[in-house]
Each structure stands twice: as structure tokens, then as C-alpha cells.
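Okay, here's what each chain looks like letter by letter:
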Amino acid sequence: MFTPDTLHGKSILITGGGSGLGLAMAKHFAAHGANVAICGRTEEKLRNAAAEITTVKQPHTLVLTHSVDVRDYDAVGVMIQRLIREFGSLEGLVNNAAGNFLAPSEDLSPNGFKSVVDIVLHGTFNCTQHVGKYFITQQRQGSILNIVTTYTETGSAFVLPSACAKAGVYALTTTLAYEWGVYGIRVNAIAPGPFPTEGAWSRLMPTQEIQDKYVKKVALRRVGKHEELANLAVFLMSDLASYITGECVTIDGGERLAGGEFNLFATEFDRASLKQMFYAMKPKK
Ligand code: HXC
């Protein structure tokens, strides 16, 4: 279905593109002809990721990195202006940067709640508004893709800040798809199920036993391959999807049909053991 120039002529920014699913998407975009920019908080991670992307990218395409915290509105603005200058234009944004951890909601500190909501919801707004203003003023028919979760609509136990923030990102997706449709801007979302990454799984899967139980809840009885998600992202960012907007595509092997993603913790363990387990996963200051 795709060719090496499926994304030719598009420059795309992927937030949190230095690792995990963000990097998988960035590599796939570059392999299909896009210029890609990745941003994140850790410069070294971005440098290593850029080297990986370079090994698969099409000739004559560019790879840029920019170190930024998406929570910082002004710094995001500076980044967007730099990318437009260096690429010559910008056609796409993937809001992938996220934060998440397991915690009983009654034990969450206000700052813990705020950190996740700031990264996921405010970070998405910050990037989307800067890019959207550019698309509108320059009359570019760009595309925005937001990474949400399978619990956006159902919620899920023990990930309250993420569930709230991702529900907000879904609302942003449908709201702007309609509001900015008149400018030819498409806004879509992907809801990925279990795609193992170091960042997410170290924070969300306490033990191998739990992982195994979790995978048994997936209708297809396996986790996803990064390439499966990246293919969907290429499609949605490409002109093949030019009449799709306001859509959220779930790619989860049927996992959502079993109920809230982390609800199994509530039914499989007593609260005291859960608290112990989550506390052991919490970074020590
Ligand atoms: C309870 C925790 C905690 C934990 C952090 N906090 N980890 N509370 N349990 N495990 C609290 C801290 O105590 C602190 O509150 C507050 O959160 C901020 O923590 P910091 O480390 O100071 O903040 P920061 O460096 O900004 O880190 C943000 C973060 C961190 C979200 C907490 O985990 C992070 O950087 N994550 C980025 C990567 C990531 O999470 N990837 C997974 C995304 S997966 P106090 O009150 O002590 O100051 C995803 C999709 C899931 O979202 C889909 C399912 C598969």
C-alpha cells in the first residue's frame, strides 16, 4: 500500500520522538519520504534516535532534533519557528509525548496529578496551537495526529491523571477537527493498546506475571508490534487518508473489549499488596 514516497514533501514533528512509539513512528515516516523532527527533554536520547532514523530514511530527507519540554508554551513556539525555518515548511504534527504511572488515586499528590496532565493535555495544546496558527496563517492543509489510549472513554483504575488527560486530548481532537476543518486541517487520533516500550512498561507493568495475565485479556492474545502502529500513523498522516478527520482509530488486538486497561489490578490483587507493589515502582528521590 505504501511506497518510499508516500510521505514525500511532508515535514512532520513527533513529540517524544526520542524513544518508544514516537521513535518507531519517526523512523517509519522517514522511511516513507518525510522530513522528520523529533523533540523531547533529553538531548542525548534525541541524538541517538536521530542516528537510528538516519539509517532508514530516504535520501535527501532531513532529520532534526530539538530539546524541549512540551509543558513550556513559549519554548514550544520557539521550536516550531525553528523547524519551519529549517525545513522550509511544516505539514504534520504527532502529539505523542506522554507521562503515566500506576498509583491508587487516593494517594496521588497534587503535583503527581499535575505532572501527567501538564505533559499530556497542556503539552498537546501547546504544540497543537502553535502548529495550528501556522497552518491557518500560511494556508497549509496540515495534519495533526494525537496519541490517546484505549481507556479514553472508559477510564481505567490506577491511572487517573492519564485517563483524565487523554480524555481531554480526545476532546481536543474532535473539537479541532470540526473547528479547523474549514482550513483543510485534519485532526485524528490513534488509541494504541499494548505496544511494549521501555518508558511505558517500566511504569505500568510491575511484574512478568502481571504482563502475562494482561496479555491473556487481549482478544488476539499477543502484544502489538511497533511496525503495526507505525503503519497506521503513516496512513493517517498521508494523503491516502485525505478525507479522514475527527477519527480515533483503536489498534489494540481487541484489548479494549475486556474493559479498562488496568482494571485487572483491582480484581486480581488486594489493595495492601497493590500499594506495596506500586510504591516499589515509584522513583526514589
Ligand atoms: C506516585 C509519582 C510516581 C509514582 C512520579 N510521581 N512517579 N507518584 N507514583 N510512580 C510523582 C512525584 O512524586 C512528584 O510528585 C510528581 O509525580 C512529579 O514527579 P517528577 O519526577 O518530579 O516529575 P517529572 O520529572 O516531570 O516526571 C513526570 C512523570 C514521569 C510523568 C512523573 O513519570 C515521566 O517523566 N514520564 C515520562 C515518560 C512516561 O511516563 N512514559 C509512559 C507513557 S505511557 P511530588 O508531590 O512528590 O512532587 C502512556 C500510555 C499508556 O501514557 C498506555 C498504556 C499501555
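Now for a look at the structure at hand. Predicted model only: the values in this text are computed from it and were never measured.

Some words on the site of the ligand
The immediate surroundings of the ligand are formed by 22 residues, with Arg41, Arg71, Asn100, Ser109 and Asn111 found nearest. Side-chain polar atom of arginine 71 to an oxygen atom of the ligand: 2.9 Å apart, as the coordinates give it. When the free accessible area of the ligand is taken as 1100 Å², the share hidden by the protein chains comes to 75%. Of all the secondary-structure elements, those providing two or more residues to the shell around the ligand are helix 4 (110–137) and helix 6 (198–204). Looking at the shell around the ligand element by element, the count peaks at five residues for helix 4. Of the residues that constitute the shell around the ligand, the class distribution is nine nonpolar, seven polar and six charged.

Examining the side chain of serine 11
Looking at the element boundaries, serine 11 is found in strand 1 (residues 11–15). Non-local contacts of serine 11, meaning those with residues more than four positions away in its chain, are made with Asn35, Phe87, Ser89, Leu90, Glu91 and Gly92.

What about the pairing of strand 5 (residues 143–147)?
With five of five residues buried, strand 5 is to be regarded as a mostly interior element. Along strand 5, one buried face is formed by Ser143, Leu145 and Ile147 and the opposite face, lined by Ile144 and Asn146, is buried too. Judged from the four bridges that link them, strand 4 (residues 92–95) and strand 5 form a sheet pairing that is parallel. Residue pairing in the sheet places glycine 92 in a bridge with serine 143 of strand 5. Taking the sense of rotation as the criterion, the β-α-β connection linking strand 4, helix 4 and strand 5 turns out right-handed. Strand direction decides the pairing type here: strand 5 and strand 6 (residues 186–192), joined by five bridges, are parallel. The residue of strand 6 that forms the bridge with isoleucine 147 is isoleucine 190. Traced from strand 5 through helix 5 (residues 160–179) to strand 6, the parallel crossover comes out right-handed.

Some remarks on the pattern of salt bridges
Under the definition given, this model contains twelve salt bridges. Between glutamate 106 and lysine 275 there is a salt bridge, and its shortest N-O distance comes to 3.5 Å. Taken as a pair, glutamate 106 in the loop between strand 4 and helix 4 and lysine 275 in helix 10 (residues 271–281) lie far apart in primary sequence, 169 residues in all. Take glutamate 106: its relative accessible area is 55%, and that puts it in the exposed class. Of the residues examined, lysine 275 reaches a relative accessible area of 32% and is grouped as partly exposed.

As for helix 7 (residues 208–216)
Three or more residues of helix 7 are buried, namely Ile210, Tyr214 and Val215. Projection of helix 7 onto a plane perpendicular to its axis shows the buried side chains occupying an angular sector of 135 degrees, all on one side. Along helix 7, exposed side chains directed more than 90 degrees from the buried face belong to Gln208 and Lys216. On its buried side, helix 7 packs onto helix 6, helix 9 (264–268) and helix 10.

Side note on the state of the cysteines
Within this structure, the stated rule accounts for zero disulfides. Free of any disulfide, cysteine 39 has its nearest cysteine sulfur in cysteine 127, 5.8 Å distant. The class of cysteine 39 is buried, set by a relative accessible area of 1%. By relative accessible area, cysteine 127 is classed as buried at 0%.

Quick notes on helix 8 (residues 226–237)
With twelve residues, helix 8 extends 17 Å between its outermost C-alpha atoms, agreeing within 8% with the 16 Å of an ideal straight helix rising 1.5 Å per residue. Taken together, the buried positions of helix 8 are occupied by Leu229, Ala230, Leu232, Ala233, Val234, Leu236 and Met237.

Examining the packing of aromatic side chains
As enumerated under the stated definition, the model contains four aromatic pairs in all. Taking the centre distance of 6.4 Å and the plane angle of 20 degrees together, the rings of tyrosine 73 and phenylalanine 125 count as stacked. Remark: phenylalanine 125 occurs in helix 4 and tyrosine 73 occurs in helix 3 (residues 73–87); sequence separation between them is 52 residues. When the ring of phenylalanine 158 is compared with that of phenylalanine 278, the centres are 5.4 Å apart and the planes differ by 65 degrees; the resulting orientation is edge-to-face. Of this pair, phenylalanine 158 sits in the loop between strand 5 and helix 5 while phenylalanine 278 sits in helix 10, placing them 120 residues apart in sequence. Assessed through its relative accessible area of 7%, phenylalanine 158 is described here as buried. For phenylalanine 278, a relative accessible area of 4% translates into the label buried. In this structure, lysine 284 is placed above the aromatic ring of tyrosine 279, and the distance from its NZ or CZ to the ring centre is 4.6 Å.

Definitions and limits used
- Residues numbered from 1 in each chain as written.
- Predicted model: local features only at pLDDT ≥ 70, side-chain atom pairs only at ≥ 80, totals over all residues.
- Heavy atoms only, no water.
- Near = heavy atom within 4 Å.
- Polar contact = N/O pair within 3.5 Å; in protein donor to acceptor, adjacent residues only side chain to side chain.
- Areas by Shrake-Rupley, 256 points an atom, 1.4 Å probe, with all protein chains shown as cover.
- Helix = DSSP H or I, 4+ residues; strand = E, 2+ residues; numbered from the N terminus.
- Nonpolar A, V, L, I, M, F, W, Y, C, P; charged D, E, K, R; others polar.
- Contact = heavy atoms within 4.5 Å.
- Buried < 20%, exposed > 50% of the residue type's maximum accessible area, 1.4 Å probe, protein only.
- Pairing = 2+ DSSP bridges.
- Right-handed = clockwise from strand over helix to strand, strands pointing away.
- Salt bridge = Lys/Arg side-chain N within 4 Å of Asp/Glu carboxyl O.
- Arc of directions from axis to C-beta.
- Disulfide = S-S within 2.5 Å.
- Expected span 1.5 Å × (residues − 1).
- Phe/Tyr/Trp six-rings, centres within 6.5 Å; stacked < 30°, edge-to-face > 60°.
- Lys NZ or Arg CZ within 6 Å of the ring centre and 35° of its normal.

So far we have only geometry, and geometry alone does not tell us how the molecule works.
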